[in-house]
Amino acid sequence: MARVVVDVMLKPEILDPQGRAVQGALGRLGLTGVADVRQGKQFVIDIEGDLEGERLELMHRLAEELLSNPVIEDYRMQVLPDAQDVAQ
Amino acid sequence: MTDTVTHAEQSPEQPQPFAELGLKPDEYQRIRDILDRRPTSSELAMYSVMWSEHCSYKSSKVHLRQFGEKAPATDALLVGIGENAGVVDIGGGWAVTFKVESHNHPSFVEPYQGAATGVGGIVRDILSMGARPLAVMDPLRFGPLDAPDTRRVLPGIVAGIGGYGNCLGLPNIGGEVVFDESYLGNPLVNALCVGAMRHEDIHLASARGVGNLVVLYGARTGGDGIGGVSVLASETFSEGGPTKRPSVQVGDPFMEKLLIEATLEVLHAGLVEGIQDLGGAGISCATSELASNGEGGMHVWLDRVLLRDQSLSPEEILMSESQERMCAIVTPENLDAFLALCGKWEVEAVVIGEVNDSGRLTVDWHGERIVDVPPRTVAHEGPVYERPYHRPPWQDALQADGPDDLPRPSSAADLRSTLLAMVAAPNLASKSWITSQYDRYVLGNTVLAQPEDAGMIRIDEVTGRGVAISTDCNGRFAKLDPYEGARLALAESYRNVAASGAVPLAVTNCLNFGSPEDPEVMWQFAEATRGLADGCLELGVPVTGGNVSFYNQTGGTPILPTPVVGVLGVIDDVDRRTPIAWGPDGELVYLLGDTRDEFAGSEWAHHVHGHLGGLPPVADLQRERLLGEILVAGSRDGMLTAAHDVSDGGVAQALVEMALRSGVGARVWIPDGIDPFVLLFSESAGRAVVVVARTEELRFTEMCAARQLPAYRIGVVDSGLGPDAGYDAGTQVLQVGDLFTVTLDELAVAHEGTIAALFAS
Amino acid sequence: MSPRVGVVTFPGSLDDRDAARAVRIAGGEAVALWHGDDDLHGVDAVVLPGGFSYGDYLRCGAIARFAPVMASLVDAAKGGLPVLGICNGFQILCESHLLPGALTRNDSLHFICRDQRLRIEDTSSTWTADYAAGQEIVIPLKNGEGGFVADERTLDMLEGEGRVVARYLEVNPNGSRRDIAGIRNERGNVVGLMPHPEHAVEELTGPSTDGLAFFTSVLNSLVASS
């Protein structure tokens, strides 16, 4: 069982009102000096078998077309060979 | 090891945690007597949840009986109290079902999800009557506007109601937002839903037909709200108390939207014999109620329930309050078609049981019997308490402490500044920061929505037939006198519906009170239900159903007794509706009804002086009935351009709201013989402000005179008052006698600034 | 025989019935299209309605964009079929790359429902031909994720080529770049619009009837070209 972790973040130039709201909240709760907060998404996909070759390409394509919107988001993908190894 | 029936029979002395589950020793003993053995842990879970205050109404039943006993004779009621929601005949072959429910405690704990799942629950109630849900409304009550906890709960609750309702595609057509100290720590989130169907499509929650199948469909069952119903709603908040499972339900409005479409399709295809939604007490409730109402018996294979969390025990599955689930009774012949329609909407469905005539509800878990009970004892024969109650010793002193000695504004300048302060008071200020987060347009049939007197939707696009609903309650009046306060709430709601041009037909209610274990609170409840029942009889509108929410208190201080009353009315053609915005220049402004010096419990006494005491305004229901008839006739016969009820904030508030809504000024004057302060701010009941075209004036005033309804001409719409009042031409002005003038811009700034200032970041 | 306008229903679509009503009031025949059916049934135009398709999960319109009906629709649109995407429909058109840019969370973070003043800036599109250039209208707006974004180059291109169909006036309710409320494709047959014209077609239920011209425009253009 492999585990694919895809992190999706808004591109730096895109306004992130949710991140801004979190930044405000951190400040109000006593954390000073917060320069910036960006909010994104993480997809954790547990998948049977190995992920290489065509299958890996498909996974990349899906990360780019489905899991993220390339107009406004960037994605980063990690393939972890054994799902047990992941520290929570 | 599973606690089976056999095991229970063999271990009668095994101690059971009935107290932790909220059961009293005598209730536990009664269960043992019913079963002639100790209950299994699953049976104990079922009884504990179904016999909780929230599900069984044990403290309120004896008082709620009055709604049936004193019900006025009417042909309009197709389904009365007892079903999920009442159903009213509105003519033209259409039936409308509506109900209001509370989700108070969950909204304090988790504002967004508590409010969201409150909307979800009431929508499913309407759906399970066979109706397409058509609109929602939300009566809300919070602590003081500027209290930190209000800042915590209000935005989340509003976002939750909007987030869920908007995603379901139901327009929000009205509600209330009230601020009062007593709701701090106990916000009230009441949710109303209205739906419509053709007469022949009414469905009841019963399991008929031996051999028919019990199908559970919708979301998978998880650990949501386990113990939520009995733990949260049957006890007041206190410190501590860890829970292993989350007590808050999390809603998925998308799943509910699919559920609505799938359910309507299976209903219209005639594939359903009986239907029930899963709300409080989940599967325990649905199965026991369906079984009780039908042939009397049902068998369930609990292990067939589709789970989100495989680690759940059978007790937890029975008690789970996972949202967006329904239960249908389907004949074996119809099963494939039923499943196919669910599949079309990607809604999971599974057969979990079968109807029989054994007179028992039996549940098996992997082949072992874990429940074997008479279903009526679970669903309908729960404990009935006759809680002791007595009039609070402080009630007389409270009623004697009237507002007559409170300093009143008398100079023109004082009256002017009082007006500006009042329209900016949190309870009177514009709620648009809140209501603009709700979709009012979806479905394309919304004719009137907030800030109009009532929400009105078109039911029949061909004939224009529609319904109007208003929800109202003045908790301060109810504290001063719960009996009169309930009658006044009914009067206000009735008046609001009539003001929109609809004929009031039926009533729902959400009775929010403190702890029933407090005899003073129980007295308030007894008085309020008596007042509401008597009032409904007098007005000729029956209670079709409703909800009771007890334990709204933190420590020893209960909330204001808050019996929210919802009245539904019908209008033949929505085109005839009367909005609150007045029309063109020259139209005449009339005040209908009698104004007396009645300030006890008023917004003026509350906002300006922080005072609550005295006797509430007189509730003259015969006058309300007459006023209602005049308002409806005036609307239907085209005599009225606009109408607005007079309530919180008095005539001044009504005039300001009408002016701001229309964007046009007016010249108003104080009738002879009445003190200006009283005319402007008194909260006497039985009044409305109406606007009449000059060509209709004689006809209208003659109608009022013939029916002996006092009608005073108090103003004229005038868009050209600016220059005379010292402003630029075009400035819209409200001129009050020769006392003062105020521009609509000034009023708007005051009225619209209050709530936005606190929440817009 | 009046032109046939398809209205697609996805799981979670909400304003599909309202779009169909608007088509009927404008004089056309509304045809219900199912997301799972890749057959467009010979309709002359398509409306992708508002709502929360797939609950807005993942991203608004991101899942609906892969529905079987969309594969056929994208082809047909490239071939000139008139397509109007309203609100969620606009989001789906952007996710499908039939229109540039994307729609993001309102900058206020709140869902907003208001009667919105707009200026119709381009009347060359199939869906706005019945308006006068520069005409100001008021139609309902209701969304939580309505902020139109695109990079500067794309925005300049849209402006330069007259592809901004509608612009917000007085109030920008969601933070859309350049106050853009709606855009069209190069050919002018595909239009995406954030506000809801289908809710402004009856005096009784809307703030005006200003939205009707979106629907009469396409019907008139279809009749003219038939």
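Residues numbered from 1 in each chain as written. Chains lettered and ligands numbered in written order. Predicted model: local features only at pLDDT ≥ 70, side-chain atom pairs only at ≥ 80, totals over all residues.

### Description of the sheet that holds strand β4 (residues 83-86) of chain C
All names here are of chain C. Put simply, the test is: For two strands to count as paired, DSSP must find a minimum of two bridges between them. Numbered from the N terminus, helices here are DSSP runs of H or I no shorter than four residues, and strands are runs of E no shorter than two. For every element, the axis is a line fit to its C-alpha atoms; helices are fit only across the contacting stretch, and the angle between N-to-C directions ranges from 0 to 180 degrees.
Pairing within the open sheet is mixed, and its nine strands lie in the order β2-β1-β3-β4-β11-β10-β9-β6-β7. This sheet does not close on itself; its edge strands, each paired only once, are β2 (29-34) and β7 (136-143). Neighbouring strand axes in the sheet, compared pairwise and without regard to direction, differ in orientation by 25° on average. Alignment of strand β3 (residues 45-48) against β4, held across three bridges, turns out to be parallel. Within β4, the position partnered with Val 47 by the bridge is Leu 84.

### Observations concerning the interface of chain A and chain C
Stated formally: Working definition of a contact: two residues with C-beta atoms, positioned from the backbone, lying within 7 Å. In this classification, the charged set is Asp, Glu, Lys and Arg, the nonpolar set is Ala, Val, Leu, Ile, Met, Phe, Trp, Tyr, Cys and Pro, and all remaining amino acids, among them Gly, are polar.
On the side of chain C, 11 residues touch chain A, which itself brings nine residues to the contact. Looking at which element gives the most residues to the side of chain A that touches chain C, the answer is helix α1 (residues 17-28) of chain A, with three residues. Among the residues forming the side of chain A that touches chain C, the class breakdown is seven nonpolar, two polar and no charged.

### Topic: helix α13 (residues 335-344) of chain B
Residues and elements named next belong to chain B. Definition in use: For the exposure call, what matters is how many other C-beta atoms sit within 10 Å of a residue's own: 20 or more marks it buried, 12 or fewer exposed, and in between partly exposed, using C-beta atoms placed from the backbone. Picture the helix axis, draw a direction to every C-beta atom, and the arc is the one those directions span.
Along α13, the residues that are buried comprise Phe 338, Leu 339, Leu 341 and Cys 342. Projected down its long axis, α13 shows its buried positions confined to an angular sector of 160°, all on one face. Relative to its buried face, α13 has exposed residues pointing more than 90 degrees away, namely Asp 336 and Gly 343. On the buried face of α13, the contacting elements are β7 (213-218), α10 (253-268), β10 (325-330) and β11 (349-356). Within two residues after α13, Glu 346 carries a phi angle of roughly 55°, on the positive side.

### Brief notes about the interface of chain C and chain B
Listed per partner, the contact involves 23 residues of chain C and 24 residues of chain B. Only α1 (16-26), β6 (112-120) and β7 of chain C provide two or more residues apiece to the side of chain C that touches chain B. Class assignment of the residues belonging to the side of chain C that touches chain B gives a composition of 10 nonpolar, seven polar and six charged.

### Looking at the environment of Gln 14 of chain B
Structurally, Gln 14 of chain B can be placed in the loop between α1 (5-10) and α2 (25-35). Along the backbone, Gln 14 of chain B and Ser 107 of chain B are 93 residues apart, and their C-alpha atoms lie at a distance of 37 Å.

### Quick word on α1 of chain C
All names here are of chain C. Here α1 lies mainly inside the structure; nine of its 11 residues are buried. Here α1 has its buried residues at Asp 16, Arg 17, Asp 18, Ala 19, Ala 20, Arg 21, Ala 22, Val 23 and Ala 26. Those residues of α1 that are buried are in contact with β1 (4-9), β2, β3, β4 and α5 (212-225). At the C-terminal side of α1, Gly 27 shows a positive phi close to 105°.

### Side note on the confidence of the model for chain C
Put simply, the test is: Confidence scores per residue from the predictor, reported as pLDDT, run from 0 to 100.
Mean pLDDT over chain C stands at 97; residues scoring 70 or higher make up 100%. Per the prediction output, this complex has pTM 0.94; the corresponding ipTM is 0.96.

### Some points on the sheet that holds strand β16 (residues 466-472) of chain B
Residue and element names in this part refer to chain B. Ordered in space as β14-β15-β16-β21-β17-β18, the six strands form an open sheet in which the pairing is mixed. Edge positions in the sheet fall to β14 (446-448) and β18 (543-549), since each has one partner strand and no second. Direction aside, neighbouring strands of the sheet carry axes that sit 20° apart on average.

### Considerations on the packing of helix α7 (residues 111-127) of chain B against helix α8 (residues 148-168) of chain B
Residue and element names in this part refer to chain B. Cut-off, in case you're wondering: Crossings are classed by handedness, with left-handed meaning an anticlockwise turn of the near helix from the far one by less than a right angle and right-handed meaning a clockwise turn.
At a minimum axis distance of 7 Å, the contact between α7 and α8 shows a crossing angle of 35°. The chirality of how α7 crosses α8 is right-handed. On α8, the residues that touch Pro 111, Tyr 112, Gln 113, Gly 114, Ala 115, Ala 116, Val 119, Gly 120 and Val 123 of α7 are Val 153, Gly 156, Ile 157, Ala 159, Gly 160, Ile 161, Gly 163, Tyr 164, Gly 165 and Leu 168. Of the residues contributing to the contact of α7 with α8, the split by class is 12 nonpolar, seven polar and no charged.

### Brief notes about the arrangement of the chains
In this assembly, two pairs of chains are in contact, and the pair with the greatest number of contacts comprises chains B and C. One thing to see here is that chain A and chain B don't touch, and their nearest C-alpha atoms sit 10 Å from each other.

### Section: the packing of α7 of chain B against α10 of chain B
Residues and elements named next belong to chain B. Cut-off, in case you're wondering: Angles are sorted into four bins: roughly parallel if under 35 degrees, roughly antiparallel if over 145, roughly perpendicular if 65 to 115, and oblique for all others.
Relative to each other, α7 and α10 sit at 5°, their axes nearing to 11 Å. By the angle between their directions, the pair α7 and α10 is classed as roughly parallel. Here α7 contributes Gly 120, Val 123 and Leu 127 to the contact with α10, which in turn contributes Pro 253, Glu 256, Ile 260 and Thr 263. In terms of residue class, the contact of α7 with α10 is built from four nonpolar, two polar and one charged.

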